[in-house]
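# Tertiary structure, described
Chain residues, written in single-letter form:
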Amino acid sequence: MSAETAARQPAVARPGVAFAGVFAVTFSGLLAVGAVLPVLPRYIHGPLDGGNVAVGVVIGAYAVTGLLLRPFAGRLADLRGRRPAVLLGSLLISIAGFLYLLPLGVPGLIAARLVLGAGEGAVFTAGSAWIVDLAPPERRGRVIGLYGLSVWAGLSVGPLVGELLHHAGGYDLVWAFAGATPLVGALIALRLPDPFRPVAHPEHRRLIAREAVRPGAALALASVGYATVASFVVLHLDARGVGHGATVFGAFATMVVLTRLVGGDLPDRVGPLRVATTAAVVEAVGLTTIALAHSLPVALAGALAMGAAFSLLYPSLSLIVVGRVSDARRGAALGTFTAFFDAGIGFGAPLAGIVAATVSYEGAFLTAAAIALVSATTIALAISSRSLQPLPDGRAAS
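Residues numbered from 1 in each chain as written. Predicted model: local features only at pLDDT ≥ 70, side-chain atom pairs only at ≥ 80, totals over all residues. Heavy atoms only, no water.

### Some words on the overall build of the protein chain
Along the backbone of the protein chain there are 15 helices and zero strands. Intrachain contacts of the protein chain at a sequence separation of at least 6 include 86% that bridge at least 24 residues. With an accessible surface of roughly 14,600 Å², the protein chain has 69% of that area assigned to carbon and sulfur atoms. (Helix = DSSP H or I, 4+ residues; strand = E, 2+ residues; numbered from the N terminus. Contact = heavy atoms within 4.5 Å. Areas by Shrake-Rupley, 256 points an atom, 1.4 Å probe, with all protein chains shown as cover.)

Dropping the structure here:
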C-alpha cells in the first residue's frame, strides 16, 4: 500500500462519520443564519426606523459576496482541500453574527450580511464538494439532497430559536447566538477526515465552470421566490392580520426537510431535469397561494407546496452539474452553480422590496411566482434542446 493510499484509508473507512460531521458543521452555520431571519425585519422597522426597501437590501446583501466569492471558495476547496475552506467559512459566519452587536445602523447590518455571504458561501460550497467526494456515483442525487437538509434544518429551527431568544433577551441575545454557534461548527470540522487530495497541476484555472451556467440560471430564477418569502412573509401576514409569519416560514423550511427525507431519491430515479421542471411549476403555485392568503391555513398550504418544490430543485440541478465535470473540478463547478443561488437572492430580495413598496406585499409574491414559471420554462427548453445532458459516461441521469 502506497503512502498516499495509507493516508487516505481512515477517511475512506468512515464515510458515514465524515458525512455526519460535515452535516453538523453546515447546520451550525445555517442555524445562525436562520435565527436572525424573523428578527432582522422587525429590528429594521423598529429600532432603526427603516422601510421595506431597507429590509430587502439588508436581507439580500449577503448574496452579493456569496455571488462573487463562491467560485473562489470552490477553487480554494480544489486547490487546498475541503476542510480549510469550510473552516474559513465558519469563522466568517461567526464574525458576521458578532457584527450585528455593533450600533452601526442599516449600513452596519449590510456590512455584517456581506461578511455572512462570504462565510456561508465557503461553508456550503466546500461542504457540497466534500460530501460528493464521499458518495457512490449512483447515489449522489440522494446524498446531495440529504446534505441540503443541513441548510434547511438550520433554517427551520433557526427562526424558532431566534424568536425565543428575542422574547427572552432581546436583539443582542439573538446576535450573540448568531456569532457563537458557527464556532461550534469550526471545532467539529477540525476533527473530520478529508479524503480529497488536491492535484499538483489543476486541469483548468478558470473560476467559472461553463457546465454549471445553464442549471445555475434556472436555480437563480427559482431562488427569487425564496428571497421573497424570507424577506416579507412575516410582514405580509402581519399586514393582513394573519400573523404567525415565523411559523409559516418554519413550515416552508420543515417541508423542505421532509421532502428530502421521503422523496430525495426522485432525481436519481426519475431524472433531474423532469423533477426540476415540475418543482418550479409547483413553487409558482405555492407563492401564489401565499400571496392570496387571508388565513393561516391557506398561508401554510402555500408554504408547504413551495417547500416541497424548492426542496427538489437544488439536488436535481446540482446532480447535472457534478455529472458533467471531473473530480478535480468539482469544487469550482459547485462554486459556480451555488453562486447563482446568491444571484437569485441578491436580485430577488431588493426586487421584492421595491414591488412591496410601490404595489403591495401581495404583488411581490405574485411577481416571484411569475419568475418561478420562467425558471420552469428555462428547464423545459433545456430538455427539448438536450443542452444539459450528462457526459458520455452517464454519471448524471438525464
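Okay, back to it.
### A closer look at the pattern of salt bridges
Across all of its chains, the model carries five salt bridges by this definition. A salt bridge links Asp78 to Arg82; its shortest N-O distance comes to 3.0 Å. Per residue, the accessibility class of Asp78 equals that of Arg82, and both read buried. Residue Glu362 pairs with Arg240 through a salt bridge whose shortest N-O separation is 2.3 Å. Residue Glu362 is located in helix α15 (residues 361-385), and its partner Arg240 is located in the loop between α9 (213-239) and α10 (245-263); the two are separated by 122 residues in the primary sequence. Given a relative accessible area of 23%, Arg240 falls into the partly exposed group. Each of Asp78, Arg82 and Asp133 takes part in one network of salt bridges that share partners. (Salt bridge = Lys/Arg side-chain N within 4 Å of Asp/Glu carboxyl O. Buried < 20%, exposed > 50% of the residue type's maximum accessible area, 1.4 Å probe, protein only.)

### Quick look at the confidence of the model for the protein chain
Looking at the protein chain as a whole, its pLDDT mean stands at 83, while 89% of the residues score no less than 70. Low pLDDT, under 50, characterises residues 1-13; the predicted model gives this stretch nine contacts beyond four residues in sequence or across chains. (pLDDT = per-residue confidence, 0-100.)

### Looking at the packing of aromatic side chains
Going through the model one piece at a time under the given rule, you end up with 15 aromatic pairs. When the centroid spacing of 5.4 Å and the interplanar angle of 75° are considered together, the rings of Tyr43 and Trp175 count as edge-to-face. Within this pair, whereas Tyr43 is found in helix α3 (residues 40-45), its partner Trp175 is found in helix α8 (residues 171-189), the two being separated by 132 residues in sequence. Site record: aromatic cluster; members linked through ring pairs are Tyr226, Phe249, Phe252, Phe310 and Phe341. (Phe/Tyr/Trp six-rings, centres within 6.5 Å; stacked < 30°, edge-to-face > 60°.)

### Observations concerning helix α4 (residues 52-80)
Along its 29 residues, α4 runs 41 Å from first to last C-alpha, staying within 8% of the 42 Å computed at 1.5 Å per residue. For α4, the principal kink sits at Leu69 and spans about 45°; a proline, Pro71, occurs within the next four residues. Just downstream of α4 lies Gly81, where phi reads positive at about 110°. (Expected span 1.5 Å × (residues − 1). Bend = angle between axes of the 7 residues up to and from the residue.)

### Side note on the packing of helix α12 (residues 272-292) against helix α13 (residues 296-322)
It is the contact of α12 with α13, at a shortest axis distance of 7 Å, that shows an interaxial angle of 155°. Regarding the angle of α12 to α13, the classification is roughly antiparallel. Classified by chirality, the crossing of α13 by α12 is left-handed. The residue inventory of the contact of α12 with α13, partitioned by class, reads 21 nonpolar, four polar and one charged. (Axes fitted to C-alpha atoms, helices over the stretch in contact; angles between N-to-C directions. Parallel < 35°, antiparallel > 145°, perpendicular 65-115°, else oblique. Left-handed = near helix turned anticlockwise from the far one by under 90°. Nonpolar A, V, L, I, M, F, W, Y, C, P; charged D, E, K, R; others polar.)

### Let's talk about unusual backbone geometry
Positive phi values are uncommon outside glycine, yet Asp49 reaches one of about 55°. Here Asp49 lies in the loop between α3 and α4. Residue classification places Asp49 among the exposed positions, given a relative accessible area of 66%.

### What about a nonpolar patch on the surface?
A cluster of nonpolar residues, Val64, Leu67, Leu68, Leu69 and Phe72, forms a patch on the protein surface that exposes about 440 Å² of accessible area. Considering the arrangement of structural elements, one finds Phe72 in helix α4. (Patch = residues over 30% accessible without salt bridge, like charges linked within 9 Å, V, L, I, M, F, W, Y side chains within 5 Å.)

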